[in-house]
Amino acid sequence: MNLLPNDGEVIYFGKILESKKADFYFEHLLKTIALERDEVIIFGKRIVTKRMTGWYGEKEFEYTYSKITRKAKLFTPELEELKKLVEQRTGLEFNSCLLNLYHSGEEGMSWHSDAEAELGKDPAIASISLGAERKFVLKHKTSKEKVSVELEHGSLLLMKGETQKNWLHSLPKTKKVKEPRINLTFRKILEFKK
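Our subject in this report is the structure included herewith. The shown structure was predicted, so the numbers you read here are calculated from the model rather than taken from an experiment.

Within the chain one finds three helices and 14 strands. In terms of C-alpha radius of gyration, the chain reaches 16 Å, essentially the compact-globule figure of 16 Å for 194 residues. Taken over the C-alpha atoms alone, the chain extends approximately 40 × 40 × 35 Å along its principal axes. Counting only residues that meet the buried cut, the chain has 51% of its 194 residues in that class. For the chain, the share of sequence-separated contacts (at least 6 apart) that also reach a separation of at least 24 residues comes to 74%. Here the chain has roughly 10,300 Å² of accessible surface; of this, 52% comes from carbon and sulfur atoms. In the chain, 35 positive and 29 negative side-chain charges are present, and the distance between their average locations comes to 5 Å.

At a minimum axis distance of 11 Å, the contact between helix H1 (residues 19-32) and helix H2 (residues 77-90) shows a crossing angle of 140°. In terms of their interaxial angle, H1 and H2 are classed as oblique. Considering only the axes of H1 and H2, their crossing is left-handed. Contacts between H1 and H2 involve Phe24, Tyr25, His28 and Leu29 on the former and, on the latter, Glu78, Leu79, Glu81 and Leu82. Of the residues in the contact of H1 with H2, the class split is five nonpolar, one polar and two charged.

Right, let's talk about the nonpolar core for a bit. Taken as a class, soluble globular proteins show a tendency for nonpolar side chains to be buried jointly. Counting 27 residues, the largest nonpolar core has Leu29, Leu99, Ile128, Leu130, Leu184 and Phe186 as its most contacted members. Those elements that provide at least two residues to this core are H1, strand E3 (45-57), H2, strand E7 (96-102), strand E9 (125-131), strand E12 (155-160) and strand E14 (181-187). In this view, leucine 130 contacts Leu17, Ala22, Tyr25, Phe26, Leu29, His153, Gly154, Pro180, Arg181, Ile182 and Leu184; residues no more than four positions away in its chain are not counted.

Another point: unusual backbone geometry. Comment: phi is negative for the bulk of residues other than glycine, and the bulk of peptide bonds are trans. Backbone geometry at aspartate 7 places phi at a positive 60°, although glycine is not the residue there. Tracing the backbone through its elements, the reader meets aspartate 7 in the segment before strand E1 (9-15). Judged by relative accessible area, which is 36%, aspartate 7 ranks as partly exposed. In this structure, lysine 144 is a non-glycine residue whose phi angle is positive, near 70°. Counting through the fold element by element, lysine 144 comes out in the loop between strand E10 (134-140) and strand E11 (146-151).

Moving on to H1. Relative to the 20 Å expected for 14 residues at 1.5 Å per residue, H1 spans 20 Å between its end C-alpha atoms, a close match to the ideal helical length. Its buried side turned inward, H1 meets H2, E7, E9 and E14.

A few words on the sheet that holds strand E13 (residues 167-171). Pairing is antiparallel across the open sheet formed by four strands, whose spatial order is E8-E13-E10-E11. Each having just a single partner strand, strand E8 (109-112) and E11 make up the two edges of the open sheet. Along the sheet, successive strands turn relative to each other by an average axial angle of 15°, direction set aside.

Reading guide: rules and limits
- Residues numbered from 1 in each chain as written.
- Predicted model: local features only at pLDDT ≥ 70, side-chain atom pairs only at ≥ 80, totals over all residues.
- Heavy atoms only, no water.
- Helix = DSSP H or I, 4+ residues; strand = E, 2+ residues; numbered from the N terminus.
- Rg over C-alpha atoms; globule rule 2.2 N^0.38 Å.
- Buried < 20%, exposed > 50% of the residue type's maximum accessible area, 1.4 Å probe, protein only.
- Contact = heavy atoms within 4.5 Å.
- Areas by Shrake-Rupley, 256 points an atom, 1.4 Å probe, with all protein chains shown as cover.
- Lys, Arg positive; Asp, Glu negative; His and termini not counted.
- Charge placed at Lys NZ, Arg CZ, Asp CG, Glu CD.
- Axes fitted to C-alpha atoms, helices over the stretch in contact; angles between N-to-C directions.
- Parallel < 35°, antiparallel > 145°, perpendicular 65-115°, else oblique.
- Left-handed = near helix turned anticlockwise from the far one by under 90°.
- Nonpolar A, V, L, I, M, F, W, Y, C, P; charged D, E, K, R; others polar.
- Core = buried A, V, L, I, M, F, W, Y, C linked by side-chain atoms within 4.5 Å.
- Expected span 1.5 Å × (residues − 1).
- Pairing = 2+ DSSP bridges.

As structure tokens, this is what we get:
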């Protein structure tokens with residue numbers, strides 16, 4: 001079922017991983033994934049994010065977001081397994097994954113859309129949540145209407161169609177959540193002109 005009333009498609013599949021399997025992936029990724037903090041320039045000031053990210057793919061893709069360019073590390077067997085599961089559930093193909101580690105609810109993501117050139121027009125982005133349950137909010141760019149969903153441990157959310165063009169999304173901060181969360185966002189990167 002589409003969570004959005006118009007101008008895009010966001011499908012929440014709920015839990016696609018049983019609890020033990022979700023726990024395994026969460027613990028394994030926490031220990032093995034190469035994560036680093038993003039550095040962004042906001043109003044001329046260099047800001048280092050608390051949230052940590054990891055960028056993986058089928059190839060050593062380069063991906064630029066928030067004026068940061070990253071080179072992908074190759075998929076691990078576990079990321080490859082999760083990618084295949086997401087592809088089976090969504091019927092779509094993905095070739096890369098941006099992972100985000102939020103240490104607690106005091107780390108979040110402000111309003112944005114994933115509209116980078118490397119993703120092409122109307123990209124599909126599939127997101128697996130592991131760890132702490134967090135609220136995910138979408139806001140229409142024109143009407144400002146909001147839609148929210150609680151992302152459960154082991155769940156899958158898919159954004160596709162004109163969602164990135166017409167909606168912003170965010171992960172609001174909250175002091176209620178003390179546990180960490182890993183978010184895996186599977187994407188299809190288009191080949192670049194060198």
